[in-house]
Amino acid sequence: MAKSQRRNRRISPYHIAERWCGLGEDQEGFEKKFINDDIGHGLVTNKPFLKGDFLLEYRGILSIADDQDDENADYVFHFSHKSTEYRIDASDSNSCLARWVNDDHVHPNSIMKKVAFDNNSPHLCLFALVDLKEGVELTYDYGVKNLPWRQPSLEKEKNIPSSPSLEKEKTIPSSPSLEKEKNIPSSVSIEILN
Ligand SMILES: C[S@@+](CC[C@H](N)C(=O)[O-])C[C@H]1O[C@@H](n2cnc3c(N)ncnc32)[C@H](O)[C@@H]1O
């Protein structure tokens, strides 16, 4: 991506995130793709994005987490916000495209952040950690240790939750992708989710 294009980006990724979160829709630029029998499907770009760009919201049913068993834990994202534990259930296959993004804790190319606009309810937003060409599979670090696929030498353990969640909350300063960004609106609070 040309440097001039990067310099000319005037609209903050957080403003773009706010717009798409408000609409409750996914922007264009992604398609679901079968990866392999072990991983299942993933999400691939069909246009380029710049490092730091807002990509997608992890959208689903937001509720306060209790001790309930997550029947379809693969698509339930747990996180805390203002001392309350929440879950976003994206089990509905039409809930959002972000539900198809797979885990990579070694070389993720995107990052999930909790973003609260104007102090309202939190949203989970995926941002690019690097420039993304067309045809790249998106990945982020689910932030859960001991996931079965991270231990190829071990037999898969059935009792380890595999859904994306938070082990601990981290606060800003932000990710490598955005740490030099100056245009974060003051009405936006951000937290990295891994
Ligand atoms: C949020 S879903 C991602 C979409 C999923 N691949 C599918 O086809 O529905 C999370 C599930 O994807 C699979 N998964 C994600 N990352 C993986 C990886 N790096 N290796 C193997 N399986 C993975 C696991 O089954 C996990 O429970």
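Residues numbered from 1 in each chain as written. Predicted model: local features only at pLDDT ≥ 70, side-chain atom pairs only at ≥ 80, totals over all residues. Heavy atoms only, no water.

Per an unreviewed UniProt entry, the recorded name for the protein is SET domain-containing protein, and the organism is Strongylocentrotus purpuratus.

1. Considering the sheet that holds strand β5 (residues 76-81)
Stated formally: Pairing between strands is defined by DSSP: at least two bridges between them are needed. Helix numbering and strand numbering both begin at the N terminus, where a helix is a DSSP run of H or I of at least 4 residues and a strand a DSSP run of E of at least 2. Comment: axis = line fitted to C-alpha atoms, over the contacting stretch for helices; angle = value between 0 and 180 degrees taken between N-to-C directions.
Taken in spatial order, the 3 strands line up as β4-β6-β5 in an open sheet, and their pairing is antiparallel. The outermost strands of the open sheet, each flanked by one partner alone, are β4 (61-64) and β5. For this sheet the average axis-to-axis angle between neighbouring strands, irrespective of direction, equals 25°.

2. So, the site of the ligand
This is how the line gets drawn: Distances are taken per atom, and a residue is near a molecule or strand as soon as one of its heavy atoms is within 4 Å of it. Whenever two N or O atoms come within 3.5 Å, that pair is a polar contact, provided that in protein one can donate a hydrogen and the other can accept it, and provided that, for residues adjacent in sequence, both atoms are side-chain atoms. Each residue gets one of three labels, nonpolar for Ala, Val, Leu, Ile, Met, Phe, Trp, Tyr, Cys and Pro, charged for Asp, Glu, Lys and Arg, and polar for the others, Gly among them.
Around the ligand, a shell composed of 13 residues is seen, among which I39, H41, Y75, N102 and D103 lie nearest. Between the ligand and D103, the relevant distance is 2.8 Å, taken from a nitrogen atom to a main-chain nitrogen or oxygen of the residue. Among the residues making up the shell around the ligand, the classes are represented as 6 nonpolar, 4 polar and 3 charged.

3. Remarks on the confidence of the model for the protein
Selection criterion: Each residue carries a pLDDT score, the predictor's own confidence in it, on a scale running from 0 to 100. In what follows, a contact means two residues having at least one pair of non-hydrogen atoms within 4.5 Å.
Confidence in the prediction for the protein averages 82 pLDDT; 72% of positions are at 70 or higher. Confidence drops under pLDDT 50 across residues 167-180; counting only partners more than four residues distant or on other chains, this segment forms 32 contacts.

4. Remarks on the packing of aromatic side chains
Stated precisely, the cut-off is as follows: Only the six-membered ring of Trp is used, alongside the rings of Phe and Tyr, when aromatic pairs are assigned; centres must lie within 6.5 Å, and planes under 30 degrees apart are stacked while those over 60 apart are edge-to-face, with the rest tilted. The buried label goes to any residue with under 20% of its type's maximum accessible area, the exposed label to any with over 50%, and the partly exposed label to all in between, with areas taken from a 1.4 Å probe on protein chains only. We count a charge as sitting over a ring when the NZ of a lysine or the CZ of an arginine lies within 6 Å of the ring centre and within 35 degrees of the ring normal.
Within this structure, the stated rule accounts for 8 aromatic pairs. Measuring from ring centre to ring centre gives 5.4 Å for Y58 and F77, while their planes differ by 65°; the resulting arrangement is edge-to-face. Here Y58, found in the loop between β3 (54-57) and β4, pairs with F77, found in strand β5; they are 19 residues apart in sequence, far enough to count as distant. Exposure remark for Y58: the relative accessible area of 2% places this residue in the buried category. Owing to a relative accessible area of 0%, F77 belongs among the buried residues under this scheme. Look at Y140 and Y142: their rings are 5.1 Å apart centre to centre, the planes differ by 45°, and that puts the pair in the tilted class. Since its relative accessible area comes to 7%, Y142 is described here as buried. Through pairs of rings, three or more aromatic residues link up here, namely Y14, F54 and F127. In this arrangement the basic side chain of R19 is found over the ring face of W20, its NZ or CZ atom lying 5.0 Å from the centre.

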